[in-house]
Each structure stands twice: as structure tokens, then as C-alpha cells.
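The primary structure of each chain is shown beneath.
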2 protein chains.
Amino acid sequence: MESEVLEHPSVEEIDLVEVLKALSDPARLRLLAVMGDGDYHACRAEVYDLDLHKSTLSHHFKVMREAGVTMTRVTGRNRETRLRKEDLDARFPGLVDSLISGVTKEQTT
Amino acid sequence: MESEVLEHPSVEEIDLVEVLKALSDPARLRLLAVMGDGDYHACRAEVYDLDLHKSTLSHHFKVMREAGVTMTRVTGRNRETRLRKEDLDARFPGLVDSLISGVTKEQTT
DNA sequence: AGTACTGTTTGATGGAAGTCATACCGTTGA
DNA sequence: TCAACGGTATGACTTCCATCAAACAGTACT
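Residues numbered from 1 in each chain as written. Chains lettered and ligands numbered in written order. Predicted model: local features only at pLDDT ≥ 70, side-chain atom pairs only at ≥ 80, totals over all residues. Heavy atoms only, no water.

### Concerning the protein's contact with DNA strand D
If you check the shell around DNA strand D, you find 20 residues, and the closest are A:Lys54, A:Ser58, B:Arg28, B:His59 and B:His60. Counting only the atoms of DNA strand D within 4 Å of the protein, the fraction contributed by sugar and phosphate is 63%. Contact between DNA strand D and B:His59: a phosphate oxygen at 2.9 Å from a side-chain N or O atom of the residue. At the level of elements, helix H4 (54–66) and strand E4 (78–83) of chain A together with helix H4 (54–66) of chain B are the ones that each hand at least two residues to the surface near DNA strand D. If one sorts the elements of the surface near DNA strand D by residue count, H4(B) sits on top with four residues. (Near = heavy atom within 4 Å. Polar contact = N/O pair within 3.5 Å; in protein donor to acceptor, adjacent residues only side chain to side chain. Helix = DSSP H or I, 4+ residues; strand = E, 2+ residues; numbered from the N terminus.)

Right under this line is the structure:
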């Protein structure tokens, strides 16, 4: 089973404004909360407990990926996404951790 | 000289999405960078090295204030704004520090 | 009183963004 | 081969937002 990787910005290209813009949305903040464990997750709405059209969800994943927040790999007809925690930590130390703890506190996942 | 204080959200009312939305803008991230010292700053464009119309700047300050990011007091015909660092730290520990160090790194203030 | 000053409010405008629906594409598996 | 599946791309719609300009409001100072 081959695993292909999509286009992602490099660590240096990750821009703070774009990261914040990507995360300043309830749905995408929810994605962050679930992906906080660093593992890969399927891109289905149930995984994130979101009631959104699949094209809308696809849009959100694209925004997250292009901002450098997430990494998506393609396996067959499935896609899996995980948080780029190490890269974000390298670029903005402490940011992701504080966001995750903040969002989980609010959402009481 | 009297000092009046405007309406601000309480600590509990500070919402993460609103905070991130407030900060996901280059101009307002610039405001954060300057206000990072926690002191009061006049609301003039030169202070922040921003080339924006005064009404635009006023708008940005309003967004920041209503999101709970900043505190503004009125003294005579002047306004001074400072970061609500303690409140933000209490609500989202570590967030402000990581943002400030991130933005100063990018902007090389 | 009147003028200068600081900043807000309102309105207009152009652009960006979230959502959905539909059509489409590559993969899987019967 | 072909239908089902997972997900994307495009288009439409609506709302939101950053910006400026002009008018306004309160304060300070002469």
C-alpha cells in the first residue's frame, strides 16, 4: 500500500498570521483539538464530531494544510491528517501546547 | 486628570476563537508586538509604525478590546491601551508569550 | 467662545471567507 | 467492467472584514 504526501509549506515558510487565521475558526479549532495527540486521523466528519458538508470539511483541511498546521498523506482513496507539532514547536515554541490546552478547556472534549 | 475605562469583556468571557481572530491580522499582530511590554501606549499610528488611516487604526483597537486582548483607558482627549497579559495568561497560559516571541522573531522589531 | 486635537462613527467599497450543492476524479472491490 | 467510496474542485451565495473618507464628538488651550 503506497502512501503519497501532498504539497506542504516548509518549516521556514510557516507564517504566524496564516497559522492564526487558520485556527481562528470554530471548526478548525476543533480539528486541532482532536489532532492534538499528534497521531494521524481520517478526514471524516464523525472523527471530529462536526456537522459539515464533506466539501466544507475538505476546504478546512486544505486551509490547515496550506498554513502549515497539518500534514496530510494519501493512502489509496483515504486521507489521513496529523498535526505538524514538531515543526510548529520549532517555529513558535509553546504556541501549539497553549492552544490545545486552551481549546480542550473550552470544548471539554 | 481623571481616567475613565471603557467596556471590556471579563476574564471568563474571553473566547479563544475571538482572540485568535483578533490576532490573525498583520496590523493587529503588530499592535501586540509593541504592547508586549505590558505598558500603556498611545493610540497613534507612529507608535506602532503602521501606515493606516486613523479610523482604520481605531477599528483595530476596537477589535482587540472587544476580544479581551487589550485594555483601553481614556485620559482627557487621549487614549492609552495596554495588553491584558495577566487575564490572557490566566485564561490561556503561555499563549501570549509564545505569540509575542513568535511575532517579534518574524518582524525583527 | 472658538479653534485645534484625538479619536469614534458611519457609509461605501472591494475582497476574502464559510457553507452548500453539484459535478468530477482516482481507488477499491465485487 | 462497473458501481460504490473517499475526497476534491468549481460555482453560487451570503456574510464578514479591512480600508478609507467624511462627518461628528469631546477635550484642551488660548
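### Examining the interface of chain B and chain A
Between chain B and chain A, the contact holds 23 residues from the first and 23 residues from the second. The junction of chain B with chain A conceals about 1,700 Å² of combined surface from both sides, 66% of it contributed by carbon and sulfur atoms. Summed over the shared surface of chain B and chain A, the result is zero salt bridges. Inspection of the region where chain B meets chain A yields two residue pairs in polar contact (both at pLDDT 80 or more). Within the residue set of the side of chain B that touches chain A, elements represented by two or more residues are helix H1 (16–23), helix H2 (26–35), helix H5 (85–91) and helix H6 (95–107) of chain B. Tallying contributions element by element places H6(B) first for the side of chain B that touches chain A, with seven residues. The residue makeup of the side of chain B that touches chain A, split by class, is 13 nonpolar, four polar and six charged. (Contact = heavy atoms within 4.5 Å. Buried area = accessible area lost by both parts, 1.4 Å probe. Salt bridge = Lys/Arg side-chain N within 4 Å of Asp/Glu carboxyl O. Nonpolar A, V, L, I, M, F, W, Y, C, P; charged D, E, K, R; others polar.)

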